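Chain residues, written in single-letter form:
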Amino acid sequence: MNMLELIEKKRDGGVLDREEIEFFVSGVTDRSIPDYQISAFLMAVLWKGMTDQETADLTIAMSRSGKICDLSDIPGTKVDKHSTGGVGDKVTPILLPIVASFGIPCVKLSGRGLGFTGGTIDKFESIEGFNTSVDPSDFKNKIDKCGMLLGGQTADLAPCDKYLYALRDVTGTVPSIPLIASSIMSKKIAGGADAIVLDVTCGSGAFMKDTDSAKELARRMISIGKLAGKPVTVVMSSMKQPLGEMVGNILEMYEVVSVLQGHGKEDVKKVVLTMASEMLALTDVGKGKTKQELMAACEEKIRSGEAFERFGELILSQGGMLQPDGTPVFVDRPVDIMTVYADKSGYVSSCDALTVGEASCLLGAGRMTKEDVIDMGAGIRLHKKIGDKVSRGEELFTMYVGTKNPVSDDRVDEALFKMNDAYEISDSPVTPPDEILEVISS
Ligand code: URA
């Protein structure tokens, strides 16, 4: 077998068999296939696509390209969750303590943010002392201690995906549904989950810009789950505007605390409670219960304060620091540098997720390249969201930077320009977008 034949076969619309896909994955992993051939192959896949069987074979081969986490000594169904990414997406830090408080072991391996999307690992690292490098040999210990753990993806978990993703990033081959589906699912399978709940975001601030492609991605990942013997549920959520009112690492963690203390915006709560109830539905806790009952039970965990308590336990278990009131100690402090007020009265008709994400990145809250250092205090607070009534002179948004290494005034000006572009105000009432577009189960 040789790589040129595989490239030509895919270029001409052929279907690869398992051996050919395994040849490709092992050649990427041991670096025996040069980058130019891998890139050509990725481009052929982007144009010609892959069948469900090819996508599943690619996923399984990639999941086996490194270590597979063995969580079998942790009793119970291990349900993992993953989001295809978005702006202001702080679902994981709220959802983990809720689900863990039902006795469901939660092993969550997350990524860092790149570009306009934030990463869960960065958000937790905004807490003083919080250590996200958890060795798999310590997983059981951490689960015994507090029922959950939050770790970074280790280099030996699906290394083939890591290499492919870096190449996709620089060859214009990220937006291929079979490549995205296999990338996500290979890491979830290698992470050792028994069942998986996926938040497939859809809108300007997401990979999937329209519902048809989000549905197709959902269908692919469910199909991979079936072929891999893992139940998969997909929650399709809107990323037309950022989730909640805060964008930026410490700012989002402020919002996490607020939601766990029973406050916070309805859109965040809706996505969190939907995802949490779908996770419970895949375990024994969900047996014989309706989704409404499960959502109400999750809400009760917030109301009773149990979820907030569990959040504190997670922080302490991973070396993070808490204030006497149970809220985290952060590595920095967001400083508000500018608030912009509405220049007319009306209804907010746009608060574009992509543009807000880019503005937040310009303020230092995100990375332009993998090497960039994040300003944990930077970000944006959205006082108004789509559908909100606004009067002339009312606060629209506030921009923040941290105290340690704030970006230049030029970057702030650029961010301001983008934010003014992100918002639109119309004269007539506007219906806010539904947060949950659809829930699809295998
Ligand atoms: N997230 C991933 O892990 N991989 C992709 O290809 C896209 C989003």
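Residues numbered from 1 in each chain as written. Predicted model: local features only at pLDDT ≥ 70, side-chain atom pairs only at ≥ 80, totals over all residues. Heavy atoms only, no water.

Undergrad: Is there a simple way to explain a negative patch on the surface in this structure?
TA: Together, D409, D410, D413 and E414 make up a region of like negative charge exposed at the surface. With respect to the helices and strands, D410 occurs in helix α16 (residues 409-422). Owing to a relative accessible area of 58%, D410 belongs among the exposed residues under this scheme. (Patch = residues over 30% accessible without salt bridge, like charges linked within 9 Å, V, L, I, M, F, W, Y side chains within 5 Å. Areas by Shrake-Rupley, 256 points an atom, 1.4 Å probe, with all protein chains shown as cover. Salt bridge = Lys/Arg side-chain N within 4 Å of Asp/Glu carboxyl O. Lys, Arg positive; Asp, Glu negative; His and termini not counted. Charge placed at Lys NZ, Arg CZ, Asp CG, Glu CD. Helix = DSSP H or I, 4+ residues; strand = E, 2+ residues; numbered from the N terminus. Buried < 20%, exposed > 50% of the residue type's maximum accessible area, 1.4 Å probe, protein only.)

Undergrad: Before we go on, may I ask you to explain the sheet that holds strand β10 (residues 389-390) in this structure?
TA: Pairing between sheet strands relies on hydrogen bonds along the backbone, with the strands arranged either parallel or antiparallel. Overall, antiparallel pairing links the three strands, which are arranged β10-β8-β12 in an open sheet. This sheet does not close on itself; its edge strands, each paired only once, are β10 and β12 (423-426). One ladder, built from two bridges, connects strand β8 (residues 346-351) with β10; its direction is antiparallel. Opposite G346, over in β10, you have V390 as the bridge partner. Strand contacts of α16: β8 and β12, with the helix running at about 30 degrees to β12, the strand carrying the most contacts. (Pairing = 2+ DSSP bridges. Contact = heavy atoms within 4.5 Å. Axes fitted to C-alpha atoms, helices over the stretch in contact; angles between N-to-C directions.)

Undergrad: For this particular structure, what's the right way to read the pattern of salt bridges?
TA: Where charged atoms from two side chains of opposite charge approach closely, those side chains can pair. In this structure the tally under the stated criterion is 30 salt bridges. For E20, the salt bridge is made with K9, and the minimal N-O distance between the two is 2.9 Å. In this pair, E20 sits in helix α2 (residues 18-29) while K9 sits in helix α1 (residues 3-11), placing the two residues 11 residues apart along the sequence. For E20, a relative accessible area of 12% gives the class buried. For K9, a relative accessible area of 31% gives the class partly exposed. Here the salt bridges do not stand alone but share partners, grouping D52, E216, R219 and R220 into one network.

Undergrad: What am I meant to see in the packing of α1 against α2 here?
TA: The packing of two helices is summarised by the inter-axis angle and the distance between the axes. Between α1 and α2, the least distance of the axes is 11 Å, while the angle of their chain directions is 120 degrees. With respect to α2, the axis of α1 lies oblique. The way α1 lies across α2 gives a crossing that is left-handed. Of the residues in α2, those in contact with M3, L6 and K9 of α1 are E20, F23 and F24. (Parallel < 35°, antiparallel > 145°, perpendicular 65-115°, else oblique. Left-handed = near helix turned anticlockwise from the far one by under 90°.)

Undergrad: What is the right way to read helix α11 (residues 249-260) from this model?
TA: Its 12 residues place the ends of α11 17 Å apart at the C-alpha level, agreeing with the 16 Å of an ideal helix rising 1.5 Å per residue. Buried within α11 we find N249, I250, L251, E252, M253, E255, V256, V257, V259 and L260. (Expected span 1.5 Å × (residues − 1).)

Undergrad: Is there a simple way to explain the site of the ligand in this structure?
TA: The immediate surroundings of the ligand are formed by Y165, R168, I180, S183, I184, K187 and F207. Side-chain polar atom of R168 to an oxygen atom of the ligand: 2.9 Å apart, as the coordinates give it. Between S183 and the ligand, the recorded distance is 2.6 Å, taken from a side-chain N or O atom to a nitrogen atom. In isolation the ligand has 240 Å² of accessible area, and contact with the protein removes 90% of it. Looking at the shell around the ligand, the elements that each hand over two or more residues are α8 (159-171) and α9 (177-190). Counting residues per element, the shell around the ligand draws most heavily on α9, which supplies four residues. (Near = heavy atom within 4 Å. Polar contact = N/O pair within 3.5 Å; in protein donor to acceptor, adjacent residues only side chain to side chain.)

Undergrad: Please clarify how the sheet that holds strand β1 (residues 79-83) should be interpreted in this entry.
TA: With respect to topology, four strands assemble into an open sheet ordered β1-β4-β5-β13, the strand pairing being mixed. Strands with a single pairing partner mark the edges of an open sheet, and in this sheet they are β1 and β13 (436-441). On average, each strand axis in the sheet is tilted by 15 degrees relative to the strand beside it, whichever way the strands run. Looking at chain direction, strand β4 (residues 195-202) and strand β5 (residues 232-238) are connected through seven bridges and run parallel. When the sheet's bridge partners are listed, L198 is paired in β5 with V234. Sheet strands in contact with helix α10 (residues 211-228) are β4, β5 and β13, and its direction is about 165 degrees off that of β5.

Undergrad: Sorry, what's going on with the packing of α2 against helix α4 (residues 52-63) here?
TA: As a packed pair, α2 and α4 sit with axes 9 Å apart at the nearest point and diverge in direction by 40 degrees. When the interaxial angle is binned, α2 and α4 end up oblique. Once α2 is placed against α4, the crossing between them reads as right-handed. Between α2, through R18, I21, E22, F24 and V25, and α4, the contact on the second element is made entirely by Q53, E54, D57, L58, A61 and M62. Of the residues belonging to the contact of α2 with α4, the class tally is six nonpolar, one polar and four charged. (Nonpolar A, V, L, I, M, F, W, Y, C, P; charged D, E, K, R; others polar.)

Undergrad: How do you make sense of the pairing of β8 when you look at a structure like this?
TA: Note on strand geometry: in a regular strand, side chains alternate between the two faces of the sheet. Burial analysis of β8 places five of its six residues in the buried class, the great majority of the element. Sheet analysis places β8 next to β12, joined by four bridges and oriented antiparallel. Paired with S350 across the two strands is E424, which belongs to β12.

Undergrad: In this structure, what is going on with the packing of aromatic side chains? I would like to understand it.
TA: Aromatic ring pairs are defined here through the distance separating the ring centres and the angle between the ring planes. Under the criterion given, the structure shown has four aromatic pairs. Considering the side-chain rings of Y254 and F330, the 5.5 Å spacing of their centres and the 75 degrees angle between planes classify their relative orientation as edge-to-face. Residue Y254 is found in helix α11, and its partner F330 is found in the loop between α14 (306-317) and β7 (335-341); the two are separated by 76 residues along the sequence. Classification of Y254 by relative accessible area gives partly exposed; the value is 35%. (Phe/Tyr/Trp six-rings, centres within 6.5 Å; stacked < 30°, edge-to-face > 60°.)

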